[in-house]
Amino acid sequence: MTMAMRTLAIAAAVALASSTALAADVEAGKKKVQEVCAACHGVDGAQPTTPEYPKLAGQYPDYLSKALRDYKSGLRKNPIMAGMAQGLTEKDIENVSLYFYVQPSNLASKY
Amino acid sequence: MKRLLSYAAIAAALSLPQVAAAQTPAPAAPGNAAKGSQKVAMCQGCHGIDGWRTAFPEVYRVPKLSGQNPQYIVLALKEYKNGNRGHPTMKAIAASLSDADMADIAAYFSQTPLTTAAK
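Structure report, in brief. (Residues numbered from 1 in each chain as written. Chains lettered and ligands numbered in written order. Predicted model: local features only at pLDDT ≥ 70, side-chain atom pairs only at ≥ 80, totals over all residues.)

1. Observations regarding the overall build of chain A
Turning to step 1, where the next piece is worked out: Looking only at helices and strands, chain A features five helices and zero strands.
Turning to step 2, where the next piece is worked out: When the helices and strands of chain A are read in sequence order from the N terminus, they spell out α-α-α-α-α.
Turning to step 3, where the next piece is worked out: Across the 111 residues that make up chain A, the buried fraction comes to 35%.
Turning to step 4, where the next piece is worked out: Taking as baseline every contact in chain A between residues at least 6 positions apart, the subset at least 24 positions apart corresponds to 63%. (Helix = DSSP H or I, 4+ residues; strand = E, 2+ residues; numbered from the N terminus. Buried ≥ 20, exposed ≤ 12 C-beta atoms within 10 Å, placed from the backbone. Contact = placed C-beta atoms within 7 Å.)

Written as structure tokens, this is what we have:
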């Protein structure tokens, strides 16, 4: 096995592993979203029950995770979201953030 | 007894509008997207660039705002201004905005012709 082939094999294995992990996270996130988030933000995060709640579908997952961690720590103050975030583990936060990110969305950066 | 009941009914009727008023915040003046487009120069350096990351105090991509609910954008700006949200740059920017500015900016950002497909 040449060096190049070995590198390729490792790259393929890593890609496979990470895509599997991605799929698992989204599914776990969907389950958690249905339990915790969907009643207000909508099951796909695109149609919140009131316009004062944000659309989450398509939003960057690192931003969503940051928001949830801040609600949990109290840095971001909102009585409803504080309660919701308290029940989420770090893994839950990453899963629901990724789930919302991959939903169809009309959110975009705007210039 | 009858009189007592009618007092109770009157009291209930009188308290109803107050309850409703307490639960419903005063409707914000609708924003003007055209005016908003003149007020977003300080937003675009971050929110106008797809995938832009903040560098401080944590690294993460700044949220997409185009297509977001305008009422939510106004609430977010007010929370930065009153300290319920803590991002240093956003606090400084929101502190400089009036309620009318916030409504105009929110109206501008909420408009979007774009729809992205599922990833």
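2. Quick look at helix H6 (residues 99–110) of chain B
Residue and element names in this part refer to chain B.
Turning to step 1, where the next piece is worked out: Here H6 is 12 residues long and its end C-alpha atoms lie 16 Å apart, about the 16 Å a rise of 1.5 Å per residue gives.
Turning to step 2, where the next piece is worked out: In terms of burial, H6 is largely enclosed, as nine of its 12 residues are buried.
Turning to step 3, where the next piece is worked out: Met102, Ala103, Asp104, Ile105, Ala106, Ala107, Tyr108, Phe109 and Ser110 are the residues of H6 that are buried.
Turning to step 4, where the next piece is worked out: Where H6 is buried, its residues meet helix H2 (33–37), helix H3 (41–47) and helix H4 (70–82). (Expected span 1.5 Å × (residues − 1).)

3. Describing the interface of chain B and chain A
Many analyses report the size of an interface as the accessible area lost when the parts associate.
Turning to step 1, where the next piece is worked out: Each side of the interface is counted separately: chain B has 30 residues, and chain A has 25 residues.
Turning to step 2, where the next piece is worked out: Counting residues per element, the ones that place at least two in the side of chain B that touches chain A are H3, strand S2 (60–61) and H4 of chain B.
Turning to step 3, where the next piece is worked out: It is H4 of chain B that contributes the most residues to the side of chain B that touches chain A, three residues altogether.
Turning to step 4, where the next piece is worked out: In terms of residue class, the side of chain B that touches chain A is built from 11 nonpolar, 13 polar and six charged. (Nonpolar A, V, L, I, M, F, W, Y, C, P; charged D, E, K, R; others polar.)

4. Description of the environment of Gln68 of chain B
Turning to step 1, where the next piece is worked out: By the element assignment, Gln68 of chain B lies in the loop between S2 and H4.
Turning to step 2, where the next piece is worked out: Using a count of 24 C-beta atoms within 10 Å as the deciding quantity, one classes Gln68 of chain B as buried.
Turning to step 3, where the next piece is worked out: In this structure the C-alpha to C-alpha distance between Gln68 of chain B and Glu58 of chain B, which are 10 residues apart in sequence, comes to 23 Å.
Turning to step 4, where the next piece is worked out: Beyond its immediate chain neighbours, meaning those up to four positions away, Gln68 of chain B contacts Pro54, Lys55 and Leu107 of chain A together with Ile73, Phe109 and Ser110 of chain B.

5. Some points on unusual backbone geometry
Turning to step 1, where the next piece is worked out: At the junction of Phe56 of chain B and Pro57 of chain B, the peptide bond is cis and its omega measures out at -5° in the coordinates.
Turning to step 2, where the next piece is worked out: Looking at where Pro57 of chain B falls in the secondary structure, it is placed in the loop between strand S1 (53–54) and S2.

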